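Working through the structure, step by step
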Amino acid sequence: MNKKILARVLGILLVLALLLPLAGSGVAQGAGPAPAGKTSPSAQIQAIPGQFYYLYVPGSALRPRNSSAGWDVDLNGGCIYTTNSAGDVFNVDIQLPEQARILYLRMYYYDSSATTSNAWVTAYDGEGGFDDLLYVASTGNAGYGTSLSALTPVMVDNFSRSMVLNWRPNETGNTMQLCGLRIAYRMPDYPIYLPAVLR
């Protein structure tokens, strides 16, 4: 009987010994974020000027602008195609760091038709205005492939405009599929710190 009590007491003491180092930490005390100027180096990442960064969106993430548009995905779930109108436009919102420079748009596709599909980036100003900024097209009868836009520097201005990726298949059915869009961008040439969501 005494051995059982001794084992329980030792177990409780062991648990308390493991929890004791946490008692003095900020986590255990419910401390908030570190005061300004006292953030740890691991809390922020310094962007490397001139280095390419990428935003990749699978084709199946895009949705039609027209709610009556029919669409489907391939067997793997990554590519999308239209089922009832070749002129439908599919799009998705993109979020990039402020003052990043978009340089290229790359399209990944499956194209076994004679027509070409188009992808582009559009910026909206919130007042009914828009600008189509980068453009790339698929090549007909190539099967799985990729196409790269021309070098077209575009500055991200999240204060003044929002951006979306667009795709128009120009062909109905699974002979024209969008499998992905990738934006290549660079950060500004001066040192900045990226938010934790980019880590």
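Each chain carries its own residue numbering, running from 1 in the direction its sequence is written. Totals for whole chains, interfaces and linings use every residue, but because this is a predicted model, local features are given only for residues with pLDDT of at least 70 and side-chain atom pairs only at 80 or more, for both listing and counting. Computation of side-chain values: all heavy atoms of the structure, hydrogens and water removed.

Counting residues in hydrophobic clusters, the biggest one holds 30 residues, and the most contacted among them are Ile 102, Leu 105, Val 121, Leu 165, Trp 167 and Ile 183. Labels follow the DSSP assignment, with helices taken as runs of H or I lasting at least four residues and strands as runs of E lasting at least two, numbered in each case from the N terminus. When residues of this core are traced back to their parent elements, those giving at least two are strand E2 (52-58), strand E6 (90-94), strand E7 (101-111), strand E8 (118-124), strand E9 (130-137), strand E12 (162-168) and strand E13 (176-186). It is E13 that provides the largest number of residues to this core, a total of five residues. The contact criterion used is simple: two residues touch if any of their non-hydrogen atoms lie within 4.5 Å. The contacts of Ile 102, once residues within four sequence positions are left out, are Leu 96, Leu 134, Thr 152, Pro 153, Val 154, Val 156, Met 163, Ile 183, Ala 184 and Tyr 185. Throughout, nonpolar core names a set of buried Ala, Val, Leu, Ile, Met, Phe, Trp, Tyr and Cys residues whose side chains join them through atoms within 4.5 Å. Only protein chains enter the area calculation, which uses a 1.4 Å probe; residues under 20% of their type maximum are buried, those over 50% are exposed, and those in between are partly exposed.

Criterion used throughout: strands pair if DSSP finds at least two bridges between them. The strand order across the open sheet built from five strands is E3-E6-E12-E8-E9, with neighbouring strands paired in antiparallel fashion. Two strands in the sheet have a free side with no partner beyond their single neighbour: strand E3 (63-64) and E9. Taken together, the two bridges between E3 and E6 define a ladder with antiparallel strand orientation. In the strand pairing of E6, Pro 64 is matched with Phe 90.

Any residue with an atom within 4 Å of a point lines the site, the site being either a cavity, points on a 1 Å grid over the protein atoms alone where a 1.4 Å probe fits but cannot get out, or a pocket, an open set with protein on both sides within 12 Å along at least 5 of 7 lines. Grid points are joined across faces, edges and corners, and a volume is the space filled by probe spheres set on the points. Tallied over the full model, the rule gives one cavity of 30 Å³ or more. Space inside the largest cavity adds up to approximately 40 Å³. Considering the residues around the largest cavity, the lining is formed by Ile 94, Gln 95, Leu 96, Val 156, Asn 158 and Met 163. Here the residues of the lining of the largest cavity are counted per class, giving four nonpolar, two polar and no charged. Any residue outside Ala, Val, Leu, Ile, Met, Phe, Trp, Tyr, Cys, Pro, Asp, Glu, Lys and Arg is labelled polar, Gly included; the first ten of those are nonpolar and the last four are charged.

Right, let's talk about the packing of aromatic side chains for a bit. Stacked, tilted and edge-to-face pairs are distinguished by plane angle, under 30 degrees for stacked and over 60 for edge-to-face with tilted covering the rest, among Phe, Tyr and Trp rings (Trp via its six-membered ring) whose centres lie within 6.5 Å. Overall, the coordinates contain seven aromatic pairs when judged by the stated rule. Every member of this aromatic cluster is reached through a ring pair, and the members are Phe 52, Tyr 54 and Tyr 104. By definition, being over a ring means that NZ of Lys or CZ of Arg is both within 6 Å of the ring centre and within 35 degrees of the ring normal. For Arg 186, the ring lying beneath its charged end belongs to Phe 52, and the centroid distance is 4.0 Å.

Turning to a negative patch on the surface, a few remarks are in order. On the surface, a cluster of negative charge is contributed by Asp 125, Glu 127, Asp 131 and Asp 132. Relative to the assigned elements, Asp 132 resides in strand E9. Assessed through its relative accessible area of 49%, Asp 132 is described here as partly exposed. The patches reported here contain residues having more than 30% relative accessible area and no salt bridge. Joining distances are 9 Å for like charges and 5 Å for nonpolar side chains (Val, Leu, Ile, Met, Phe, Trp, Tyr). Only the protein chains shown count as cover for residues, and all accessible areas are computed by the Shrake-Rupley method using a 1.4 Å probe. Whenever a carboxyl oxygen of Asp or Glu lies within 4 Å of a side-chain nitrogen of Lys or Arg, that contact is scored as a salt bridge. His residues and chain termini do not enter the charge count, which takes Lys and Arg as positive and Asp and Glu as negative. Positions of charges follow a simple convention, taking NZ of Lys, CZ of Arg, CG of Asp or CD of Glu.

This paragraph deals with the side chain of Ser 113. Its place among the elements puts Ser 113 in the loop between E7 and E8. Ser 113 sits in the buried class, given a relative accessible area of 6%. Leaving out residues up to four positions away in the same chain, Ser 113 has contacts with Gly 140, Asn 141, Glu 171, Thr 175 and Met 176.

Before going further, it helps to spend a moment on the pairing of E12. With respect to burial, E12 is a largely interior element, five of its seven residues being buried. With five bridges connecting them, E6 and E12 associate as antiparallel partners. By the bridge assignment for E12, Ile 94 is matched with Met 163. Judged from the seven bridges that link them, E8 and E12 form a sheet pairing that is antiparallel. Paired with Tyr 124 across the strands is Ser 162, a residue of E12.

Okay, the side chain of Asp 88 next. Along the chain, Asp 88 turns up in the loop between strand E5 (80-82) and E6. The side chain of Asp 88 is buried and forms no salt bridge, while Arg 168, the nearest opposite charge, is found at 7.9 Å.

Examined against the element boundaries, Arg 65 turns out to sit in the loop between E3 and strand E4 (71-73). For the pair Arg 65 and Asn 166, spaced 101 residues apart in sequence, the C-alpha to C-alpha distance is 9.4 Å. Beyond its immediate sequence surroundings of up to four residues, Arg 65 is in contact with Val 89, Asn 91, Tyr 124 and Asn 166.

Note that predicted coordinates carrying low pLDDT should not be read in detail. Confidence in the prediction of the protein, expressed as mean pLDDT, is 81, and 74% of residues score 70 or more. Long-range and interchain partners of residues 24-36, a stretch whose pLDDT sits below 50, account for six contacts in this model, where long-range means more than four residues apart. pLDDT is a residue-level measure of predictor confidence that goes from 0 to 100. The low-confidence segment residues 38-43, where pLDDT is below 50, has four contacts with residues more than four positions distant or belonging to other chains.

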